Amino acid sequence: MTRRRMAPEERRAQLIGIGARLFAERPYHEVQMDEVGAAAGVTRGLVYRYFPSKRDLFAAVYRQAADGLLDATGPAGDATAAGQWIVAGLDAHFDYFAANATTVLSANCDLAGDPVIQSIIGEETAILHRRLLDALDPAGPERDVAAVALLAWLSFVRVSSIEWLRHGRITRDDLRSLCLRTLSGALSSTNPADPADPAGHAGRAEPADPATSAAPATAADSRATDSRRSAGARASALDQEAHFAL
């Protein structure tokens, strides 16, 4: 076997590239380290020097893909374009999922219980979660509610995308619209008004003394009101994005 000498980082990158191709072509359990070495023109022993197990090679492939997706989408930047940024981010993820369905399914199904793979998914989710919060910028008490809602939404997107890849019961456009509308609903939920009671009367106590009910609004009250209005505006904008995305 003729081996071309490479610097360690170059060799590692080569092996990850070969692994990415093989894992995209076939299920995880069908890929063998022997063929990784053969494709690189090196022995299996050398492959194991860089990656002690097939799981380690797969983890390197998946981490590189996750980092690439995060780099491709990037932070939102201008908060006024948050809706467009979210749509672009969904499309980037759907593009990767569609092009690398076998790899994505291996990570989320075959290796669903693997702590290393799950830590990569968790790190990616944490970065996306922070970017979403920064882009949508909820303020006051609504920020904590929005943080929970956005974290749940990211899990929803991942599970829905896996379902789309595995069974294909809905189209990609249906999936994107579903994700956007679900996010809109999640953001609307940061407004404490009950959708069944748009005037907000449910659970409201009547003041015992009219004289005490005329206290001027505090700065905190004004900020909370502004935040609720902003949440409603963001939800409405996302509804429009969902229509335009179809």
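Residues numbered from 1 in each chain as written. Predicted model: local features only at pLDDT ≥ 70, side-chain atom pairs only at ≥ 80, totals over all residues. Heavy atoms only, no water.

1. Focus: the side chain of Lys54
With respect to the helices and strands, the residue Lys54 is situated in helix α4 (residues 54–73). Although Lys54 is buried, it makes no salt bridge; Glu35 carries the closest opposite charge, 7.7 Å away. Within the local environment of Lys54, its side chain forms a polar contact with the backbone oxygen of Val31, the two atoms lying 3.0 Å apart. Once residues lying within four places of it in the same chain are set aside, the contact partners of Lys54 are Phe23, Tyr28, His29, Val31 and Met33. (Helix = DSSP H or I, 4+ residues; strand = E, 2+ residues; numbered from the N terminus. Buried < 20%, exposed > 50% of the residue type's maximum accessible area, 1.4 Å probe, protein only. Lys, Arg positive; Asp, Glu negative; His and termini not counted. Salt bridge = Lys/Arg side-chain N within 4 Å of Asp/Glu carboxyl O. Polar contact = N/O pair within 3.5 Å; in protein donor to acceptor, adjacent residues only side chain to side chain. Contact = heavy atoms within 4.5 Å.)

2. Side note on the packing of helix α5 (residues 82–99) against helix α9 (residues 172–188)
The interhelical angle for the contact between α5 and α9, taken along N-to-C directions, is 140 degrees, at an axis separation of 11 Å. By the angle between their axes, α5 is oblique relative to α9. For α5 against α9, the interelement crossing comes out right-handed. Contacts between α5 and α9 involve Ile86, Val87, Leu90, Asp91, Phe94 and Asp95 on the former and, on the latter, Arg172, Leu175, Arg176, Cys179, Leu180 and Leu183. (Axes fitted to C-alpha atoms, helices over the stretch in contact; angles between N-to-C directions. Parallel < 35°, antiparallel > 145°, perpendicular 65-115°, else oblique. Left-handed = near helix turned anticlockwise from the far one by under 90°.)

3. Observations regarding helix α7 (residues 115–136)
Its 22 residues give α7 an end-to-end C-alpha distance of 31 Å, which sits within 8% of 32 Å, the value for a rise of 1.5 Å per residue. When we look at burial in α7, the residues that qualify are Ile117, Ile120, Ile121, Glu124, Thr125, Leu128, His129, Arg131, Leu132, Leu133, Ala135 and Leu136. The distance from a side-chain oxygen at the start of α7 to the backbone nitrogen of Val116 is 3.0 Å, and the residue carrying that oxygen is Asp114. Just past α7, the residue Asp137 takes up positive phi, approximately 50 degrees. (Expected span 1.5 Å × (residues − 1).)

4. Considerations on the environment of Arg26
Here Arg26 is to be found in the loop between α1 (8–25) and α2 (33–40). When its relative accessible area of 23% is taken as the criterion, Arg26 is described as partly exposed. When the C-alpha atoms of Arg26 and Thr103 are compared, they prove to be 8.2 Å apart, with 77 residues separating the residues in sequence. In contact with Arg26, other than residues within four places in its own chain, are Val31, Glu35 and Thr102. Looking at Arg26, its side chain comes within polar contact range of the side chain of Glu35, at 2.4 Å.

5. Quick word on the layout of surface pockets
Taken as a whole, the largest pocket spans an internal volume of roughly 410 Å³. His93, Glu124, Leu128, Leu154 and Val157 are the residues nearest the centre of the largest pocket, which is lined by 23 residues in total. Elements represented by at least two residues in the lining of the largest pocket include exactly α4, α5, α7 and α8 (141–167). (1 Å grid on protein atoms, 1.4 Å probe; cavity = no way out; pocket = protein on both sides within 12 Å on 5 of 7 lines; lining within 4 Å. Points joined across faces, edges and corners; volume = space filled by probe spheres on them.)

6. Considering the confidence of the model for the protein chain
Per-residue confidence for the protein chain gives a mean pLDDT of 81, with 74% of residues at or over 70. For the stretch residues 192–225, pLDDT sits under 50, and the model shows six contacts to residues farther than four places along the chain or on other chains. Residue range residues 241–246 is modelled with pLDDT below 50. Its contacts to residues more than four positions away, or to other chains, number 12 contacts. (pLDDT = per-residue confidence, 0-100.)

7. Some remarks on the pattern of salt bridges
Per the stated rule, a full pass over the model turns up 13 salt bridges. Across the salt bridge formed by Glu123 and Arg63, the nearest N and O atoms sit 2.8 Å from each other. Of the two residues, Glu123 is situated in helix α7 and Arg63 in helix α4; the sequence distance between them amounts to 60 residues. For Glu123, a relative accessible area of 39% gives the class partly exposed.

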